[in-house]
Structure formats: structure tokens, C-alpha cells
Amino acid sequence: MFKKSAALLLINLLGISLLLQAQTSKRLNNNWEFVKEDLGGVWEAVRPVKTGNPEEMPYWQKVSLPHCFNATDAVDPDVNYYQGPGWYRTHIEVANPYAKGRTLLHFEGAGQKTQVYIYTTKVAEHVGGYDEWTADITDAVAKFKQSPLFKGQFKGKVPVIIRCNNSRDLEMIPSNLSDFNVYGGLYRYLNLVYTPQLSADKLFAHATVDAKGTMGKLTVKARLLNPDMLKEATFKISVTDPNGKVVGDWSKALPTFQGDELLWETSLKSPKLWSPDLPQQYEIKLSITANGETSVMTEKVGFRNFEFVKKGPFMLNGKRLLLRGTHRHEDHAGVGAAMTEDMIATEMKLMKEMGVNFIRLGHYQQSRIVLNLCDSLGILVWEEIPWCRGGLGGPVYQQQAKRMLTNMIEQHYNHPSIIIWGLGNENDWPGDFSEFDQQKIRAFMKELNDLSHKLDPSRNTAIRRCDFCRDIVDVYSPSIWAGWYRGDYTEYKQVSLDEFNKSDRFLHVEWGGDSHARRHSENPDNALSKIKKGGGADERAGDASLYGGAARVSKDGDWSESYIANLIDWHLKEQETMPWLSGTAYWPFKDFSTPIRPENPVPYVNQKGVIERDFTKKEAFYIFQSYWTNTPMVHLYGHTWPIRWGTEGEEKMVKVYSNCDEAELFVNGKSFGLKKRNSQDFPAAGLRWLVPMGKGKYTFKVVAKKGKTTVTDEIVQEYQTDKWGKPAQMTLEKIDEKDGVVTLEAKLFDAQKVLCLDAVNQVAFSLVGDGELIKDQGTSTGSSKVQLYNGRAIIKVKTNQGKSVVSVQSKGMPTVFLNLN
């Protein structure tokens, strides 16, 4: 009996010892309540409430974190998205295992101004929606635990109340003129952290390697969290290589210090290099022991060297690498900015699947989860602060920009994926202030540039679209939207070369155009005949508007996937023949919400993505994949194009996108011949067939080969030869039902009941009854108001096992109703 008890005691003591060997962290995801308005004060969040009393107001809804004020209203076609205060509250258990440790709330990001309370005591506030920060609640918790309320009203738990506010404010960045929503809420993870009396606040690990890759150097600096001003501690550092082998260690008793202190420098022979193809990382572990307690902090680093060659390409580890990039906004269907870790991982893996090796994180510091995935997946990064549009504000505005730049660099310093710190975007855009002074903007840009290089001399600085500041930063990206906001996409290479010659180091970020998912065209390039040639880089104020000005595809084109397919295809084939090009980044990877585009086919959505806001791939995804990936793939254009049209016997082009060497097309079982892939044979790299078509159904199958690997793809399309007239009537029918969700399709016909395949009318869905429309998703199939794609539009309904009536309306058409039982 004694031996058994002793063994259990030893196990328990070991468990406590292990717990105290490292600071602990717990995500506070559950048991939150939220109200989307302001309170009269924090007391209204904590006062005792009896059912039926007026103190029950306002109504608090139960939510989980991460949570965004604007999960759905950002894309609600009938409202302006909410900008104002919102309150969160929860009760937490606080049991810090460290005798004199600190208890912290670690915010991975909250928008945009945040105040934190323990009961009614304000313990912290923060301005800025995108950087990380902590609130030390140690003293406030200790004080509250002495109150009779702790064990009485709150039953041994501590009330945490948080006020977030995304109200418009000219003295804050980002500008509300920006082409994205300035979201509110606790939209990134919030952590409860326990630290010992002494711990590391920051660990700065800098890994470098010579040009030949033969000798690596590692320096480790630290910043302490030492509120009790302990005098000395023992510091230990270990370095583990990508295979888990310890390749370096160091320990020493040292006096504690203020600010940043260099702890250790060491060298590694022939370190394993980090690259997009092989993103190998080393782990650095720092242990600090003081007063019998140990804190541990780990960070990962990568050994790599890079260079944007002056008047030349980009080099990584001594070899040219064409940066094949895209962009990301923190935005998703149904949740706004509050993407879970699983959602973020899905998105980043999709980028890698498409062949991306570079990303610009627009236009603000993003979640540590994103950066960790870039490190592990092998995606190089340009990360920037949200000085975006609007000009330049006053001292408060400028101080926030400097603070956010400092936080971004310090918090993401160790990530091997990061190569560029972005200082601004479209800072030549006036409008927020009565004064627009280029010299003052230049002076502030110089301050940011100097600050960035002081904080991190190892990385480059960059901006996009502010020509009068191009000489200040290391790398410059002009505005080139050939074939969308200006000019013809065939001008892309010459325009890029002209801009390249104006800058020492040129990188082209942001190109592409909008496409309304599921809309296709038989003659997608028609709008180009109206466009004035030349000036493909000369984007001017108002070009993004759907009104006025010179003819441009963004205003006068059809917004079809077919047009964007050609534009992307042309850009990618040209990039293969530009040896001076450092790289490009397509704007963006995923459609995202924006307050300044209410009249887009999906209202309030920037539709330039290659996937929709819910991860649904558009055709463009596969075009990138055909140029940028090696794993054999093949894709027939038109998976969301059920009906093509034309005259009887007319030849129609069938396009295939593949990275295989050759492909053979079969039409209704008959071979139409084998073709070899040639990237310079536009369109579709030569994998295109002209097929005579007549009225009826067609099955298209492609068989592609790469070495000994064979891949296939197949689609079924109908061909309509009947001509249609003016739209006159609609239908609404159920086309699918699964797991309590019904899919409905509206179609537009002329007076003779011929489907109007080029109809782009806006339709509006509504519902009465037990069910609910799946709407406000910001997608082509998840919006209550949406433009038709080839005469049709889809919406889904949760039946809730009840009865409903769904209607669809369009201006000038009789309203149509459908009963769902």
C-alpha cells in the first residue's frame, strides 16, 4: 500500500514539475456572449440579472471565438455593414500554477479598438486590428478574488468583459476608403496564458547562410518579461535540425536585462536550407530558470539567402526563382474575418496545390497561423501594414502606423518565409483628408523605410502603387492591370518591361480581373475591340468604377470566367519568357467582401479570386495549376457551363488546361486527335480543339499523359441552337435535396420559352415559412441578390423539416413562387 501511494505521489509531483517547466496557454473559444451595440458602461455586462427584469436588456447572444461582428452583414446586399462597438463577456477559471507568475490574455488580433475589463476594472486597451498584444490581468484577478462576488455571484470564476469597436475614424489605419471591410470583433484566437515570475517576452532568432550554402550563422536575442525585476537567471538554448537532431546547445547564468540582449551566436556547417520545394526548419528552444521555475519559448527558423537583383530577377539560395504568387485577405463566407485554424489551413493548402510559391498578405499583418503555414508549406511572403489609401493623417495616425510596423516585424521576425516588409498600398490615393501633400507622404514613407531597416536589416521593404515614392523603398510594384482597368492583356509584357526599366528592383503584385463564378461566354474577348490600346499600366482614379470614363474591360466586359481564363493564360505564358522578371502575384486568391462595390454581380464582393469565398474553385484555378505544378493534372474548361450556344454545325473551341506533355480529346466517344502541349501556343498551351456542334448533348473526355502517368477529365454539356429574344419570364425549380438542404435554380426565358443564355439580370430571392435561405455568403450561389450567370442563378434553402414558400423577383418580370413541403 505504501509503495503504491508513493508511486502515485511521485507521478503527481512529476506532473506538477512538468507543468511548471513551461508557460501554459489555453484558447478561450467557448462560453462567450456577445451584443452588437454599445452598452452604457461595463457595469451593464456584470450586474446581477433576474429573469423578467429590465436588466436583461440588451439581449446577449451565445457565440464562440473567433467571432466577427460582420460575419454576414459585410455581404448583405440591403445594408451597410455595421461599424460600431460590440461587447463580449465570459467567466473563466484562473489558477496560475506559478507561485508569483503572471496571468495574461494574449490577443492574436481584435478589431479595431479594444478595451479589456476584469469585472469593472479596465486592465488594458489597444488600437489596431491586426497585430498581437497581451493584457496582464494578474493584479486585477487577485483583487477580484478577494471580493465576495467571486464565490457568490460568479461561483469561483472571473468575469472577463471586452469591448471591440470598428467605428469609422480618420485618425486610424486602414482607411475606410480601402477596398476591404474594416472588420470588428474578437476575430482571431484569444488565449489565457500563465507565465512564471520571469519569462521571455520575445525571442529573436536570426539565421543566415553564405551564398554557397556551406556555412550558416545563428544569432539569438531575447527580451524579458520581468515585472518583479529579478536580478539573475540561468539561460539555456538548444537548436534542433529538421530531422529532430540536436545540433547546438548553450547555457549560462546571467544577470537579467532590460530591452533586447544578444545571448548566443553559433555557426553550423552546411545547414539544411529552406526553400519552397523543401521548406526545412530548425527549432530554437530558450529556457529561462529563476527562483526554481522555468519558462520555455520555442521558435522555428530557416537558413536561406535571397536577393532581388538590381535590374534583374529574384534569387533564392544562389539560383533564380520566379515568384509565382497570389494575395490573401482574412475573409470567408459566413464568418467574415473569423476564420478558424482549419479554414486557414485549407486555404493555404489550396494555394500550394495551385502551385503558389509566394504570397502578399494584403493589406495588414495576418494571423500567426498563416505565417506558420507559409513556413511549413514553403510560401515566400510579403507582409505589410495597413497604411492603405486615403493619404496621410496626423500624429496619432502616424504613430499607429509606426507601432504596427514595429509590432509586425518583431512578432513575425523569425519566419523564414518572410522576405519583404510592405510599408503601404496605393498611398497616392487622396480623399480622407483636406490636405494631400506628396512631400509629406514621401517624408513619412522615408521614416517607415528607415524604421523597417533598423528593426530588420535582413529583409527588403516594398510598396505598391505610389510612383512618387518608388525610389524610397527597396522593391517597387507599379499598377499594371493590362486587359482589365486599362489596355489589352496582350500589352502586358511590354508594359511590364517599361515599368521594370523605371525601377531598380521590380516586382509586379496585383494583376487579373473580376469573374462572376459560373458565368461563361462564347465570345469573351469582344470587349477588347472597344478598348484603346496602350496605357496598360496607367490606372487612374475612377478606373475601378462601373461608371463613366474611357472604355475598359472592367466596365464594358462581360465579367465571365471565359474572359479571365484568357487573360490569365496570356499572362502566365508570357511570364515564362521574361528572364528579367522577379515575379508576380495575382490579385487575389479568393473572392472577398468590400464595402465599395455594392453593384457587383455578387453585391459587396470583389470577385477577382480564382476561388469563391467558400473555397469553390473557379476555372482559373486549374489554369494556374497547369503552368505552376508538376504533379500530372488535366482539366476541361466548362465544369460549371451546362449549356453552350451557337448555330447548327458551328465549330466551337474546347479548351483543356494541363501540365502534361500531350492530351487526346474524345467527343461522344470519338477521338478528335492528340495534341502536344506548348506553353507559348495561346490559348490553352495548344490543347484546344474546334468541334462542330449541333443541337443536343455532348460528352467531352480528355486523356492526358505525362511520362507513364495518365490523367483524365470529363464534362457533359448541351448545345442550344434556338435563338432567344427579350427576357420575359422566369422559372424556379428544385434541382437537388440533401441533408435537409434544397438547391433551387431560377432561369430566365423569352416569350417563346427559349432560355436566355446571355442574360445578366439581377434576381432577388426571398422566403416565408419554416425554412431559411442560405444567403449573405458572398458567393454566386449564396446571395439573396445576384446577377444571373448564363440565364440562371442558384440559391440553397435549409428546410428545417417544415414548409416554406420561396420567391424570385427580377425587374420587369412576373414574380415566381415555389412551395417547399
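Residues numbered from 1 in each chain as written. Predicted model: local features only at pLDDT ≥ 70, side-chain atom pairs only at ≥ 80, totals over all residues. Heavy atoms only, no water.

## Things to note about helix α7 (residues 395–411)
(1) Moving on: Spanning 17 residues, α7 covers 24 Å between terminal C-alpha atoms, matching the ideal 24 Å at 1.5 Å per step.
(2) Moving on: By the burial criterion, the buried members of α7 are Tyr397, Gln400, Ala401, Met404, Leu405, Thr406, Asn407, Met408, Ile409 and Glu410.
(3) Moving on: Contact partners of the buried residues in α7: β7 (121–127), β11 (199–209), β12 (215–225), β23 (380–384), β24 (418–425) and α8 (438–455). (Helix = DSSP H or I, 4+ residues; strand = E, 2+ residues; numbered from the N terminus. Expected span 1.5 Å × (residues − 1). Buried < 20%, exposed > 50% of the residue type's maximum accessible area, 1.4 Å probe, protein only. Contact = heavy atoms within 4.5 Å.)

## Overview of the pairing of strand β4 (residues 85–92)
(1) Moving on: Along β4, seven of the eight residues are buried, which leaves the element largely enclosed by surrounding structure.
(2) Moving on: Sheet analysis places strand β2 (residues 32–35) next to β4, joined by three bridges and oriented antiparallel. Residue pairing across strands places valine 35 opposite tryptophan 87, the latter belonging to β4.
(3) Moving on: Bridge analysis of β4 against strand β9 (residues 158–165) gives eight bridges, and the strand direction is antiparallel. (Pairing = 2+ DSSP bridges.)

## Observations concerning the packing of aromatic side chains
(1) Moving on: With the rule as written, the count across this model stands at 44 aromatic pairs.
(2) Moving on: With a centroid separation of 5.6 Å and 90 degrees between ring planes, the pair formed by phenylalanine 204 and tyrosine 413 is classed as edge-to-face. One end of the pair, phenylalanine 204, is in strand β11; the other, tyrosine 413, is in the loop between α7 and β24, with 209 residues separating them in the sequence. Here phenylalanine 204 and tyrosine 413 have matching classes, each one buried.
(3) Moving on: Above the plane of the ring of tyrosine 189 lies arginine 27, whose end atom (NZ or CZ) is 3.6 Å from the centre.
(4) Moving on: Seen from the ring of tryptophan 481, lysine 608 lies directly overhead, with NZ or CZ sitting 5.6 Å from the centre. (Phe/Tyr/Trp six-rings, centres within 6.5 Å; stacked < 30°, edge-to-face > 60°. Lys NZ or Arg CZ within 6 Å of the ring centre and 35° of its normal.)

## Thoughts on the packing of helix α11 (residues 561–575) against helix α12 (residues 619–628)
(1) Moving on: Relative orientation of the contacting elements α11 and α12 amounts to 15 degrees, with a least axis distance of 9 Å. What the angle tells us is that α11 and α12 run roughly parallel. In this structure, the crossing between α11 and α12 has a hand that is right-handed. Taken together, the residues of α12 that come into contact with α11 (itself represented by Glu561, Ala565, Ile568, Asp569, Leu572, Lys573 and Gln575) are Glu619, Ala620, Ile623, Phe624, Tyr627 and Trp628.
(2) Moving on: Of the residues belonging to the contact of α11 with α12, the class tally is eight nonpolar, one polar and four charged. (Axes fitted to C-alpha atoms, helices over the stretch in contact; angles between N-to-C directions. Parallel < 35°, antiparallel > 145°, perpendicular 65-115°, else oblique. Left-handed = near helix turned anticlockwise from the far one by under 90°. Nonpolar A, V, L, I, M, F, W, Y, C, P; charged D, E, K, R; others polar.)

## Here we look at the packing of helix α5 (residues 341–354) against helix α6 (residues 368–377)
(1) Moving on: Orientation of α5 relative to α6, taken along the N-to-C sense of each, is 35 degrees, at an axis distance of 10 Å. Of the two elements, α5 crosses α6, and the hand of that crossing is right-handed. Residues Glu341, Ile344, Ala345, Met348, Lys349 and Lys352 of α5 form the contact with α6, whose own contacting residues are Ile369, Val370, Leu373, Cys374 and Leu377.
(2) Moving on: When the residues that make up the contact of α5 with α6 are grouped by side-chain class, the tally is eight nonpolar, no polar and three charged.

## Quick word on the pairing of strand β25 (residues 460–464)
(1) Moving on: Along β25, five of the five residues are buried, which leaves the element largely enclosed by surrounding structure.
(2) Moving on: Residue alternation in β25 divides its side chains into two sets, Asn460, Ala462 and Arg464 and Thr461 and Ile463, and both sets are buried.
(3) Moving on: Taken together, the five bridges between β24 and β25 define a ladder with parallel strand orientation. Residue pairing in the sheet places glycine 424 in a bridge with isoleucine 463 of β25.

## Some words on the layout of surface pockets
(1) Moving on: What the largest pocket holds in volume is close to 1200 Å³.
(2) Moving on: When grouped by side-chain class, the residues that make up the lining of the largest pocket number nine nonpolar, 18 polar and 12 charged.
(3) Moving on: If you add up the space inside the second largest pocket, you get close to 560 Å³.
(4) Moving on: Looking at the second largest pocket, it is lined by 27 residues, and the ones nearest its centre are Glu33, Ala45, Lys62, Arg89 and His91.
(5) Moving on: Among the secondary structure elements, those contributing two or more residues to the lining of the second largest pocket are β2, α2 (43–46), β4 and β9.
(6) Moving on: Looking at the lining of the second largest pocket residue by residue, the class counts come to 13 nonpolar, five polar and nine charged. (1 Å grid on protein atoms, 1.4 Å probe; cavity = no way out; pocket = protein on both sides within 12 Å on 5 of 7 lines; lining within 4 Å. Points joined across faces, edges and corners; volume = space filled by probe spheres on them.)

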